[in-house]
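One letter stands for each residue in the lines below.
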Amino acid sequence: MSDHPDLTVLEAVRRKLVNLARRRAFFLSPRRWSNAELRKWGHIFTGSVVNVSAWRDLDKEGGRYRDYFPNASEYVMTNYWGSEVPNDGHPDAIFLDLEAELPESLRRRFDVVFAHTVLEHIFDIRRAFANLADMTRDVLIVVVPFAQNEHYGGEIFGDYWRFTPLALKKMALSHNMELVHLAANDTPWYPIYILAVASRQPDRWKSVFPAIDWNRRLARDVYVFKNAAW
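Residues numbered from 1 in each chain as written. Predicted model: local features only at pLDDT ≥ 70, side-chain atom pairs only at ≥ 80, totals over all residues. Heavy atoms only, no water.

## Things to note about the overall build of the protein
Step number 1: When its secondary structure is counted, the protein shows five helices and seven strands.
Step number 2: Of the regular secondary structure in the protein, the N- to C-terminal order runs α-α-β-β-β-β-α-β-α-β-β-α.
Step number 3: Looking at the protein alone, contacts between residues at least 24 apart form 69% of all its contacts between residues at least 6 apart.
Step number 4: Looking at the protein as shown, the accessible area adds up to about 13,100 Å², and 53% of this sits on carbon and sulfur atoms. (Helix = DSSP H or I, 4+ residues; strand = E, 2+ residues; numbered from the N terminus. Contact = heavy atoms within 4.5 Å. Areas by Shrake-Rupley, 256 points an atom, 1.4 Å probe, with all protein chains shown as cover.)

## As for the side chain of His 181
Step number 1: Locating His 181 in the fold gives a position in strand S6 (residues 178–184).
Step number 2: Of note is the side chain of His 181, whose polar atom sits 2.8 Å from the side chain of Glu 37.
Step number 3: Not counting residues up to four positions away in its chain, the partners in contact with His 181 are Glu 37, Trp 41, Leu 195, Ala 196, Val 197, Phe 209, Pro 210 and Ile 212. (Polar contact = N/O pair within 3.5 Å; in protein donor to acceptor, adjacent residues only side chain to side chain.)

## Some words on the nonpolar core
Step number 1: In this structure, Val 52, Leu 119, Leu 132, Val 142 and Leu 168 are the most contacted members of the largest nonpolar core, which totals 37 residues.
Step number 2: When residues of this core are traced back to their parent elements, those giving at least two are strand S4 (110–116), helix H3 (125–135), strand S5 (136–147), helix H4 (165–173), S6 and strand S7 (192–199).
Step number 3: When residues of this core are assigned to their parent elements, the largest contribution, six residues, is made by H3.
Step number 4: Setting aside anything within four residues of it in sequence, one finds Leu 132 in contact with Val 52, Leu 98, Val 113, Ala 115, Leu 119, Leu 140 and Val 142.
Step number 5: With 24 residues, the next largest nonpolar core counts Trp 33, Phe 45, Val 49 and Phe 69 among its residues. (Core = buried A, V, L, I, M, F, W, Y, C linked by side-chain atoms within 4.5 Å. Buried < 20%, exposed > 50% of the residue type's maximum accessible area, 1.4 Å probe, protein only.)

## Describing the sheet that holds S4
Step number 1: Taken together, the seven strands give an open sheet; going across it, the order is S3-S2-S1-S4-S5-S7-S6, and neighbouring strands pair in mixed fashion. Only two strands of the sheet have a single partner each, and these edge strands are strand S3 (94–95) and S6.
Step number 2: Direction of pairing for strand S1 (residues 47–51) relative to S4: parallel, over a ladder of three bridges. Paired with Val 49 across the two strands is Val 112, which belongs to S4.
Step number 3: Along the sheet, H3 contacts S1, S4 and S5; its crossing angle with S5, the most-contacted strand, is approximately 145°. (Pairing = 2+ DSSP bridges. Axes fitted to C-alpha atoms, helices over the stretch in contact; angles between N-to-C directions.)

## Section: the pattern of salt bridges
Between side chains of opposite charge, a pair can form when the charged atoms approach closely.
Step number 1: Evaluation of the coordinates by the stated rule reveals 13 salt bridges.
Step number 2: One salt bridge connects Arg 107 with Glu 104, and the closest N-O pair in it is separated by 3.2 Å.
Step number 3: Residue classification places Glu 104 among the exposed residues on the basis of a relative accessible area of 59%.
Step number 4: Across the salt bridge formed by Asp 134 and Arg 107, the nearest N and O atoms sit 3.3 Å from each other. Placement of the pair is Asp 134 in helix H3 and Arg 107 in the loop between S3 and S4, with a sequence separation of 27 residues.
Step number 5: Accessibility expressed as a relative area gives 29% for Arg 107, which makes it partly exposed. (Salt bridge = Lys/Arg side-chain N within 4 Å of Asp/Glu carboxyl O.)

## Concerning the packing of aromatic side chains
Step number 1: As enumerated under the stated definition, the model contains eleven aromatic pairs in all.
Step number 2: A ring pair is formed by Tyr 80 and Phe 95, whose centres lie 5.6 Å apart and whose planes are at 40°; its orientation type is tilted. In this pair, Tyr 80 sits in the loop between strand S2 (72–79) and S3 while Phe 95 sits in strand S3, placing the two residues 15 residues apart along the sequence.
Step number 3: When its relative accessible area of 40% is taken as the criterion, Phe 95 is described as partly exposed. (Phe/Tyr/Trp six-rings, centres within 6.5 Å; stacked < 30°, edge-to-face > 60°.)

## Details of H3
Step number 1: Of all eleven residues that make up H3, nine are buried, and the element is covered over most of its length.
Step number 2: Structurally, H3 contributes buried residues whose contacts are with S1, S4, S5 and H4.

## Describing the environment of Trp 41
Step number 1: Secondary-structure assignment places Trp 41 in helix H2 (residues 30–41).
Step number 2: Among the residues examined, Trp 41 registers a relative accessible area of 16% and is labelled buried.
Step number 3: In the structure, Trp 41 is positioned 28 residues away from Phe 69 in sequence and 8.6 Å away in space, judged by C-alpha atoms.
Step number 4: Not counting chain neighbours up to four residues away, the residues in contact with Trp 41 comprise His 181, Val 208, Phe 209 and Pro 210.

## Some thoughts on the environment of Val 180
Step number 1: Tracing the backbone shows Val 180 in strand S6.
Step number 2: Separated by 18 residues in the primary sequence, Val 180 and Ala 198 have C-alpha atoms spaced 5.6 Å apart.
Step number 3: Once residues within four sequence positions are removed from consideration, Val 180 is found in contact with Val 197, Ala 198, Ser 199, Pro 202, Trp 205, Phe 209, Pro 210 and Ile 212.

See below:
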């Protein structure tokens, strides 16, 4: 809370409104929103799927992300461990350091590469994104924060980046991929997540996903007011 009395009152009001929104519209929370978005589309993906930095594959709602891809012929997990517990708690996880050179055994190994809120925790973002792109034969699905509080765990994991839709578009294009789906829980009540799907074969998916509206500006209604000075 601020030492400034007016800001203290405003913060108290804001918190009350946020708590009310959480009770009335809990589904707008970023994790629940991204889970719902994944459930909507996960069934269309087939072949081999990998969840990168999967931890224990938990969706934080009592489920597992494996079940979000019911038509996958194979589901693999990777983790970067050596911090809290071996394999980040999942004995079947493959070791993968996204800041290191990608092992040849993982290059174009999968049909779908999935990474949920991973990229913001990796300082060498270009290398990390390149590795994700190099792992897939076609589809890359990422969930990343657009606006979120800083969160990190000491020496265990850091927190370095926030992403815009245009950044994701450029990153995909730099690896000969194209965004075919882009969604966000654009709301003033919660942190904002972006879910993006990129493909090496975009024509395959353009009839599946709705067209991306590049005129949309995330958080515009939150920060841009008529006659505002900023």
